[in-house]
Number of protein chains: 2
Amino acid sequence: MTSDPTTTIPAPTNPTPPAQPVLTVTTGALPASAKVHVAGVIHPDIRVPMREIALHPSAGEPPLRVYDASGPYTDPGAAIAIERGLPRLRESWVAARGDTESYAGREVRPEDNGFAADDRLTPEFTTCHRPRRARDGRAVTQLAYARAGIVTPEMEFIAIRENLARQQAAETAPRRDGDSFGAAIPAHVTPEFVRDEVARGRAIIPANINHPEAEPMIIGRNFLVKINANIGNSAVTSSMAEEVEKMVWAIRWGADTVMDLSTGRNIHNIREWIIRNSPVPIGTVPLYQALEKVGGIAEDLSWQVFRDTLIEQAEQGVDYFTIHAGLRLHHIPLTVDRVTGIVSRGGSIMAKWCLHHHRESFLYEHFPEICEIMRAYDVSFSLGDGLRPGSIADANDAAQFAELETLGELTRIAWDHDCQVMIEGPGHVPMHKIRENMDKQLEICAEAPFYTLGPLTTDIAPGYDHITSGIGAAMIGWFGTAMLCYVTPKEHLGLPDRDDVKTGVITYKIAAHAADLAKGHPAAQLRDDALSRARFEFRWEDQFNLSLDPDTARAFHDQTLPKEAHKLA
Amino acid sequence: MTSDPTTTIPAPTNPTPPAQPVLTVTTGALPASAKVHVAGVIHPDIRVPMREIALHPSAGEPPLRVYDASGPYTDPGAAIAIERGLPRLRESWVAARGDTESYAGREVRPEDNGFAADDRLTPEFTTCHRPRRARDGRAVTQLAYARAGIVTPEMEFIAIRENLARQQAAETAPRRDGDSFGAAIPAHVTPEFVRDEVARGRAIIPANINHPEAEPMIIGRNFLVKINANIGNSAVTSSMAEEVEKMVWAIRWGADTVMDLSTGRNIHNIREWIIRNSPVPIGTVPLYQALEKVGGIAEDLSWQVFRDTLIEQAEQGVDYFTIHAGLRLHHIPLTVDRVTGIVSRGGSIMAKWCLHHHRESFLYEHFPEICEIMRAYDVSFSLGDGLRPGSIADANDAAQFAELETLGELTRIAWDHDCQVMIEGPGHVPMHKIRENMDKQLEICAEAPFYTLGPLTTDIAPGYDHITSGIGAAMIGWFGTAMLCYVTPKEHLGLPDRDDVKTGVITYKIAAHAADLAKGHPAAQLRDDALSRARFEFRWEDQFNLSLDPDTARAFHDQTLPKEAHKLA
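Residues numbered from 1 in each chain as written. Chains lettered and ligands numbered in written order. Predicted model: local features only at pLDDT ≥ 70, side-chain atom pairs only at ≥ 80, totals over all residues. Heavy atoms only, no water.

**Thoughts on the overall build of chain A**
Scanning chain A for helices and strands turns up 20 helices and 15 strands. Rg of the C-alpha trace for chain A: 23 Å, near the compact-globule value of 25 Å for 569 residues, within the 12% margin. Taken over the C-alpha atoms alone, chain A extends approximately 70 × 50 × 50 Å along its principal axes. Counting the 569 residues in chain A, one finds 68% classified as buried. Considering only residue pairs separated by 6 or more positions, chain A has 76% of its internal contacts joining residues 24 or more positions apart. Surface summary for chain A: the accessible area is close to 18,400 Å², and the carbon and sulfur share equals 53%. Here chain A contributes 56 positive and 76 negative side-chain charges, whose respective centroids are spaced 2 Å apart. (Helix = DSSP H or I, 4+ residues; strand = E, 2+ residues; numbered from the N terminus. Rg over C-alpha atoms; globule rule 2.2 N^0.38 Å. Buried < 20%, exposed > 50% of the residue type's maximum accessible area, 1.4 Å probe, protein only. Contact = heavy atoms within 4.5 Å. Areas by Shrake-Rupley, 256 points an atom, 1.4 Å probe, with all protein chains shown as cover. Lys, Arg positive; Asp, Glu negative; His and termini not counted. Charge placed at Lys NZ, Arg CZ, Asp CG, Glu CD.)

As structure tokens, then:
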């Protein structure tokens, strides 16, 4: 039994996208797993997907339900066709609210794809969906609905999804254990609890109205810790088919959101293919595409180009934007004594622009206008940390915390516009300085969700930065970070391939789950306990099937003890 | 430039040792590295090895010195011949103390090698060294000397070794940073400081007088965090040549000690080859061999067989013994409600013996006699945690902490005999319960060094337990654990091969170094800073060479950007 029967990956060495892209992605259930759906109560048409792992009859245990971010790709009953895209499950929910309109949308321009043409141009997606936007300047965000007391279908979907197995936990392990550092994790997640957390700004539901294919999920300190996987082509390598497969591959192993960090040509078209096929929220850094549009010259950026890019991507359905509006002109001198200066790509682009023009950042100055765009599509903010430390030496310095103060200020402006907000965090931080990052973020940003990259706890292990950062990610996740941005073994060295993506995702699933356990999430330990029982009873098949990566566990076991008899013992 | 030019590994599929073993191991310097030696002052014949990593001229920086556990194998000037063994550098130091005698020693018996014979018998080591032992019942331990106010050559060697680069750190980074949880890390390590820490029992120097090939090292909370790598053949696979190479390979990447956990045939002879070629302390679990001698029947174990095994291994030069004397008869009922019962191999053997005979453990009852043996050779105790938790569910339970109380009691008995002691710790522990392990151990065992396996912070990722445990190891190392026992990707699944050994060692070097940084070791950050400067200045070669695994960093980089021009930029 292998878990990826239909993998077909084009050779990664050809920088030109093939004229006939390979459109096959990895499908099929994980070993011993079945997709089940749980219906809503308030909204009966909701069908929340979960994965059930069947155990050996000798276990005398029911199947174990686990959170499932993998979408229809792991459902043997689903007909997958990349050229058609996924079913648009939220389309009717959005339409039913009656506060949006469809419109012609912005025309795709040659610069959107870096002027790629002819056989160098990635084909457009097969279907052109007319975009929707808010009518009459209204806010169509989950935050606006939450504040208005509305429990949306998205909120009920999330309550069912997060609530996974808590009933069972309440019955089998009534004692709560853990230290959540002041989080407010409920014994049972109700739709009303989801609404209340969103209304308070303590959680976000990244759900652009133009990405109806996405299965709703939530990012917040009082919910399960989430992870993000970055994908993206570059000027050097990779094609559309590869990127779609990377997305499918990343969610197969548990990525809760995917950021498309593509640069180079064909950005627009590749992104369209990804979004139309993604059951998880997609994040981007619009500044990257804006920079491509001005030929890579940071100084030539302008509010007009940036604004155009926001609308372009909002219409496509990007669910959250990293916006580096917290880096202000007067912060830049604070970085001069750093060992590694400004390492954030977005941060260095904006610093270059500010210094060249000797002007305040146009992102900061136009922030209210950015909010107006975000609220019209429900694109969530991921306020970027352009001044995050790039080395142990620079951790928790004046530049980093000065920017964080501005992010706190921007959080309140975004909230005033009914926009959803999360805050990005470092970076490279030694263990003893991690807690301070979390505490300051909670205080300064009024409990808006924290979304951190790692942090890496040492600089001396390139090639293993999934591990240097996995340590920091587990800790900051425990302290309260809501989503962990993965780091792959290729960090600092090159672009991740398919194996690196998987290694990064599994490492971060470990970190997130270790954090859930330590925070005392009521049902988190059920899977540990089921696997430990299987281990103690030598139910090898169950041990493999309950693990985060059944294929690797099985393969490692078979290297030493390849006989089937050893597994049935 | 490759770092392992002479690797020759016999095929690992043949369970029978070859009649003519392949005697080649990995030698040669790591990239851009040179072996340097620093002389002693009190003891001028001391030559403490360090590794100097040369940087590109454009850096304008001197070579960086790093701790070097790899022994003569990475010294291009050393003539390596496995059949001769390493130079016996401590032989004259031991002899000069005048408190030991050489004697005929115990005869090797057929059961010592599991009755292996003819071409199934691993050949004896080429040279038979007469063992030494204490004269007239004296204690020849580093603890006894320390208490007597004697600064041994071993202590000065260690002071120089630990003091590495602290002078430079004092000049370039005078501000101390970190949180050591009450440790007493000095700005400068003096030989007297080493003596004092050993005298207090807060640190041990594992240094059997019959292992004069070892380069002295120290395990204690106020010194750099150390790591151990486990090797060992089994009834199923592996040969002597493989095990010697695994030891050399493990120390090449930074293992500070190596435990030989062999079972099956040829244990005695394989161990002799390992010790004669090991520049790091070797630890064992004598109970494993004792069990082999009684045909694998735990109930047939006796104090006589165990005592005989202790003397056999002490004469060979094993530096520390794991002794599971803390598991007492009345502790066993405390495990009945556990999810994973008793997972320590030594623990389950002893529990079986105790239950069968319904008697107190012979290890506990004969503990003072064990001390008499240990002090005659200076074998250090590693008091085993036979009741360590094998799952998240069992962490920090009554059984575990009851045994810890007994380990505290035994620590004091060992100290009364002038024996050196460290304490083994768990195991599987979620993040929020790790700190309690450290705090209790320090209190109950009066600051004797803690030596922990991981701990693993979740049970759900077999195949990735180097990572689940690396998280816990970094944290407990920060809190005060003196040595971290590595876990490889094959944990729970099979025997580690050469790649697994390297992955385990590098992961644990990361954990130990992250802990050193967080504890505020004065010079720990020098390597991070040097690598970060190289990264910021795009000195790729320096970035590779300064990393824990230059070969992997280079290979990953070359996969994406294979051109030499990219490296010189």
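**A closer look at the interface of chain B and chain A**
Taken together, the contacts link 69 residues of chain B with 69 residues of chain A. For the pair chain B and chain A, the summed buried area comes to about 5,800 Å², and 71% of that belongs to carbon and sulfur atoms. For chain B, the biggest contributors to the area lost against chain A are B:Ile460, B:Tyr464 and B:Leu493; these three give 13% of the whole. Across the contact surface, chain B and chain A share two salt bridges. B:Asp177 is the partner of A:Lys433 in a salt bridge, and the nearest nitrogen-oxygen pair spans 2.8 Å. Put simply, chain B and chain A have 18 residue pairs in polar contact (both at pLDDT 80 or more) between them. In terms of residue count, the dominant contributor to the side of chain B that touches chain A is helix α16 (residues 498-519) of chain B (ten residues). The residue makeup of the side of chain B that touches chain A, split by class, is 31 nonpolar, 24 polar and 14 charged. (Buried area = accessible area lost by both parts, 1.4 Å probe. Salt bridge = Lys/Arg side-chain N within 4 Å of Asp/Glu carboxyl O. Polar contact = N/O pair within 3.5 Å; in protein donor to acceptor, adjacent residues only side chain to side chain. Nonpolar A, V, L, I, M, F, W, Y, C, P; charged D, E, K, R; others polar.)

**What to know about the environment of A:Ala39**
All names here are of chain A. Along the polypeptide, Ala39 turns up in strand β1 (residues 33-39). On the accessibility criterion, Ala39 (48% relative accessible area) is partly exposed. In this structure the C-alpha to C-alpha distance between Ala39 and Phe157, which are 118 residues apart in sequence, comes to 8.6 Å. Once residues lying within four places of it in the same chain are set aside, the contact partners of Ala39 are Pro44, Ile46 and Ile160.

**A word on the packing of aromatic side chains**
Where two aromatic rings form a pair, the distance of their centres and the angle of their planes describe that pair. All names here are of chain B. By the definition in use, this model includes 26 aromatic pairs over all chains. Geometrically, the ring pair formed by Trp303 and Phe306 is tilted, given 6.4 Å between the ring centres and 35 degrees between the ring planes. Here the residue Trp303 and the residue Phe306 both occupy positions in helix α9 (residues 303-316), the gap between them amounting to three residues, near one helical turn. Accessibility classification places Trp303 together with Phe306 in one group, the buried group. With a centroid separation of 6.1 Å and an interplanar angle of 35 degrees, the aromatic rings of Trp540 and Phe544 are classed as tilted. (Phe/Tyr/Trp six-rings, centres within 6.5 Å; stacked < 30°, edge-to-face > 60°.)

**Examining the nonpolar core**
With 312 residues, the main nonpolar core has A:Phe381 and B:Phe381 as its most contacted residues. Not counting the four nearest positions on each side in its chain, A:Phe381 is found in contact with A:Phe321, A:Ile323, A:Phe367, A:Ile370, A:Cys371, A:Met374, A:Ala414, A:Cys419, A:Gln420, A:Val421 and A:Met422. (Core = buried A, V, L, I, M, F, W, Y, C linked by side-chain atoms within 4.5 Å.)

**Remarks on the sheet that holds strand β11 (residues 320-323) of chain B**
All names here are of chain B. In space, the eight strands of this closed barrel follow the order β8-β9-β10-β11-β12-β13-β14-β15, with parallel pairing throughout. Along the sheet, successive strands turn relative to each other by an average axial angle of 25 degrees, direction set aside. Where β11 meets strand β12 (residues 380-383), four bridges bridge the pair, whose relative direction is parallel. Looking at β12, one finds that Thr322 is bridged to Ser382. The sheet strands contacting α16 are β8 (226-231) and β15 (483-485), and the helix crosses β8 at an angle near 160 degrees. (Pairing = 2+ DSSP bridges. Axes fitted to C-alpha atoms, helices over the stretch in contact; angles between N-to-C directions.)

**Re the relation of the copies chain B and chain A**
Mapping chain B onto chain A calls for a screw motion: a turn of 180 degrees about the axis and a shift of 0.0 Å along it, with 0.0 Å RMSD after fitting. The transformation relating the two chain copies, once decomposed into turn and shift, fits a two-fold axis. Considering only C-alpha atoms, the residue of chain B closest to the rotation axis is B:Ile471, which sits at 2.3 Å. A symmetric contact is evident, with 100% of the interface residues of chain B recurring at the interface of chain A. (Least-squares fit on C-alpha atoms with pLDDT ≥ 70 in both.)

**Side note on the pattern of salt bridges**
Per the stated rule, a full pass over the model turns up 86 salt bridges over all chains. Across the pair A:Arg106 and A:Asp112 runs a salt bridge whose closest N-O atoms are separated by 2.8 Å. Taking relative accessible area as the criterion, A:Arg106 reaches 16% and is therefore assigned buried. Here B:Arg88 ties to B:Glu91 by a salt bridge, and the two come within 2.8 Å at their closest N and O atoms.

**Let's talk about the side chain of A:Thr100**
Tracing the sequence through the fold places A:Thr100 in strand β4 (residues 100-102). A polar contact of 2.9 Å, which involves the side chain of A:Thr100, links it to the side chain of A:Arg132.

**A closer look at the side chain of A:Glu197**
Residues and elements named next belong to chain A. As for its position among the elements, Glu197 is in helix α5 (residues 191-199). A distance of 2.6 Å separates polar atoms of two side chains, one belonging to Glu197 and the other to Arg202. There is a polar contact of 2.8 Å between the side chain of Glu197 and the side chain of Asn222. Here Glu197 is in contact with Arg202, Ala203, Asn222 and Phe223, once residues within four sequence places are set aside.

**Focus: the pairing of strand β8 (residues 226-231) of chain A**
All names here are of chain A. Across the six residues of β8, six count as buried, placing the element largely inside the fold. Neither face of β8 is left uncovered, since the one carrying Lys226, Asn228 and Asn230 and the one carrying Ile227, Ala229 and Ile231 both have all their residues buried. The pairing of β8 with strand β15 (residues 483-485) spans three bridges and is classified as parallel. Paired with Ile227 across the strands is Leu484, a residue of β15. Here four bridges tie β8 to strand β9 (residues 257-260), and the two strands are oriented parallel to one another. Its bridge partner being in β9, Ile231 is matched across the sheet by Asp260.

**Quick notes on the state of the cysteines**
Across all of its chains, the model carries zero disulfides over all chains by this definition. Unpaired in this structure, A:Cys419 has its nearest cysteine sulfur neighbour in A:Cys371, at a distance of 4.6 Å. Cysteine B:Cys354 is unpaired, with the sulfur of B:Cys371 as its nearest cysteine sulfur at 18 Å. (Disulfide = S-S within 2.5 Å.)

**Thoughts on the sheet that holds strand β3 (residues 64-66) of chain B**
All names here are of chain B. The sheet built from three strands is open, its strands ordered β1-β2-β3 with antiparallel pairing. Only two strands of the sheet have a single neighbouring strand rather than two, namely β1 (33-39) and β3. Along the sheet, successive strands turn relative to each other by an average axial angle of 40 degrees, direction set aside. When strand β2 (residues 47-53) meets β3, the two strands line up antiparallel, connected through three bridges. Opposite Ile53, over in β3, you have Leu64 as the bridge partner. The sheet strands contacting helix α3 (residues 153-163) are β1 and β2, and the helix crosses β2 at an angle near 15 degrees.

**Some words on helix α9 (residues 303-316) of chain A**
All names here are of chain A. Its 14 residues give α9 an end-to-end C-alpha distance of 20 Å, which sits within 8% of 20 Å, the value for a rise of 1.5 Å per residue. Of all the 14 residues making up α9, eleven are buried; the element is thus mostly covered by neighbouring parts of the structure. If you check which residues of α9 are buried, you get Trp303, Phe306, Asp308, Thr309, Leu310, Ile311, Glu312, Gln313, Ala314, Glu315 and Gln316. Of the surrounding secondary structure, the elements contacted by the buried residues of α9 are α7 (267-276), β10 (282-284), α8 (286-293), β11 (320-323), α11 (362-365) and α12 (367-377). Two residues or fewer past α9, Gly317 is found with a positive phi of approximately 115 degrees. (Expected span 1.5 Å × (residues − 1).)

Remember, this is a structural readout, not a statement about activity or role.
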